[in-house]
Amino acid sequence: MYIGRFAPSPSGRLHFGSLVCALGSYLVARKRQGRFLLRIEDLDRPRCSDFFTKTIIKELEILGFDYDDKPYIQSLHQDNYFDAIDLLLKNKQAYYCNCTRAKLKEKECNCNLHQETIDLNKPYSIRYQIPSTLESFFIDELQGKVENTFTKSSITLKRADNIIAYNLACVVDDILQGVTQVVRGCDLIDITTTQRALYKSLGHEPISYLHLPLIMADSEHKLSKQNHATPVLDTDTPENLLLKALKVLKVNCENIHPQMSCQKILQTAVDNFNFDSLNRKNRIFLD
Ligand SMILES: [Zn+2]
């Protein structure tokens, strides 16, 4: 059984890039008669809020999305991430680190080489030692062969402020929720090989990936909450927005009209959806 998910971070309202991502992951899961899950990635507490969690859930409902389970809220499942860290530490695939952020900007952490000098009374982070057996590429269902370009030797699992890092939480939950394919934006394509290695380190075979085009705000920046993308529902009707996002993904919209309900638009889009015509660009500039 195919299990897909959409996993927004509630650090702001949905923008057009998140809508394209939600829509793409929804269409792929429904076309494959799979399950579709919503996961709220709210572990970065200083940046996220319960207000935006509620808002995002409401906005997706307005846009007509439905799921096969209640939303999975990461902050309610902290134990799972700490269990994973314990396992990685036990297997010597993770290590303690006293490096400050400023130091990490200057040079790579090599605390793994001198663990005996780590002071656990000071704030410390925990890092994943990327194994030397790292794959040099993976096959993305949409983008094809993707070479690994990530060259660092470790990534953060737990920050010094005790916040669990995105890369760990995402892999732990995809395993726990039985996700069979990750559909998400191309901004995360470079870290995918490392996430696949983390899968193996946690005792699981990596799953399939499909990276959708990234909606760009300008030539260098993706549309994001950080660069103050306009909340998408403030820009047009939900029906028009779904149509616009479908066109970006290159889904056939001949028999879809903004007079239809959002549910009907989504249902018709699933019927029309064709993998071969899905937009393969990795970046899209809106006019
Ligand atoms: Zn370090």
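Above this text is the structure in question.
Residues numbered from 1 in each chain as written. Predicted model: local features only at pLDDT ≥ 70, side-chain atom pairs only at ≥ 80, totals over all residues. Heavy atoms only, no water.

Draft legend 1. Quick peek at the pairing of strand β7 (residues 144–147). Where strand β6 (residues 137–140) meets β7, 4 bridges bridge the pair, whose relative direction is antiparallel. Across the sheet, the residue bridging to F138 is V146, located in β7. Between β6 and β7, which pair antiparallel and follow one another directly, the connecting turn spans 3 residues. (Pairing = 2+ DSSP bridges. Helix = DSSP H or I, 4+ residues; strand = E, 2+ residues; numbered from the N terminus.)

Draft legend 2. Representation of the sheet that holds strand β2 (residues 35–40) in the model. If you walk across this open sheet you meet the 3 strands as β1-β2-β3, and the pairing is parallel. Every interior strand has two partners, whereas the edge strands, β1 (3–6) and β3 (72–73), have only one. The pairing of β1 with β2 spans 4 bridges and is classified as parallel. Note that in β2 the partner of G4 across the bridge is F36. Strands β1 and β2 of the sheet are contacted by helix α1 (residues 16–31), whose axis makes an angle of about 150° with β2. (Contact = heavy atoms within 4.5 Å. Axes fitted to C-alpha atoms, helices over the stretch in contact; angles between N-to-C directions.)

Draft legend 3. Expanded view of unusual backbone geometry. One non-glycine residue, K92, lies in the positive phi region at around 60°. A relative accessible area of 72% places K92 in the exposed class. Located in the positive-phi region is N162, a residue other than glycine, with phi close to 75°. Assignment of secondary structure puts N162 in the loop between β8 (154–158) and α5 (166–176). On the basis of relative accessible area, N162 is assigned to the partly exposed category, the value being 45%. (Buried < 20%, exposed > 50% of the residue type's maximum accessible area, 1.4 Å probe, protein only.)

Draft legend 4. A look at the packing of α1 against helix α7 (residues 238–249). Axis separation between α1 and α7 bottoms out at 9 Å; the angle between their running directions is 70°. By the angle between their directions, the pair α1 and α7 is classed as roughly perpendicular. Together, F16, L19, V20, L23, G24 and L27 of α1 and L241, L242, K244, A245, L246, V248 and L249 of α7 make up the contact between the two elements. Across the contact of α1 with α7, the residue classes break down as 11 nonpolar, 1 polar and 1 charged. (Parallel < 35°, antiparallel > 145°, perpendicular 65-115°, else oblique. Nonpolar A, V, L, I, M, F, W, Y, C, P; charged D, E, K, R; others polar.)

Draft legend 5. Molecular detail of the nonpolar core. With 49 residues, the main nonpolar core has F16, L19, L23, L27, F65, L242 and L246 as its most contacted residues. Looking at this core, the elements with two or more residues in it are α1, β2, α2 (50–62), β10 (208–212), α7 and α8 (262–272). The greatest single-element share of this core, amounting to 10 residues, is contributed by α1. In this structure L27 touches L246, V251, L266, A269, V270 and F273, once residues within four positions along its chain are discounted. In terms of nonpolar packing, the next biggest core, distinct from the first, is built from 36 residues, L43, L168, V172 and C186 among them. (Core = buried A, V, L, I, M, F, W, Y, C linked by side-chain atoms within 4.5 Å.)

Draft legend 6. Molecular detail of the coordination of the zinc ion. Each protein donor to the zinc ion is listed here as C97 (SG), C99 (SG), C109 (SG) and C111 (SG); together their distances run 2.2 to 2.4 Å. Classification of C109 by relative accessible area gives buried; the value is 4%. (Donors = N, O, S within 2.8 Å, 3.2 Å for Na, K, Ca; no water.)

Draft legend 7. Spatial organisation of the environment of L210. Mapping L210 onto the fold places it in strand β10. The buried category is assigned to L210, whose relative accessible area is 1%. For L210 and V182, which are 28 residues apart along the polypeptide, the C-alpha to C-alpha distance reads 6.2 Å. Those residues within four positions of L210 in sequence are excluded, and the remaining contacts are V28, D140, E141, L142, Q181, V182, V183, R184, F275 and L278.

Draft legend 8. Representation of α7. When the terminal C-alpha atoms of α7 are compared, their 17 Å separation across 12 residues agrees well with the 16 Å that a helix rising 1.5 Å per residue should span. Of all the residues in α7, the buried ones are P238, L241, L242, L243, A245, L246, V248 and L249. For α7, the elements touching its buried residues are α1, α2, β10, β11 (214–216), α8 and β12 (283–285). K250 lies just past α7 and shows a positive phi near 65°. (Expected span 1.5 Å × (residues − 1).)

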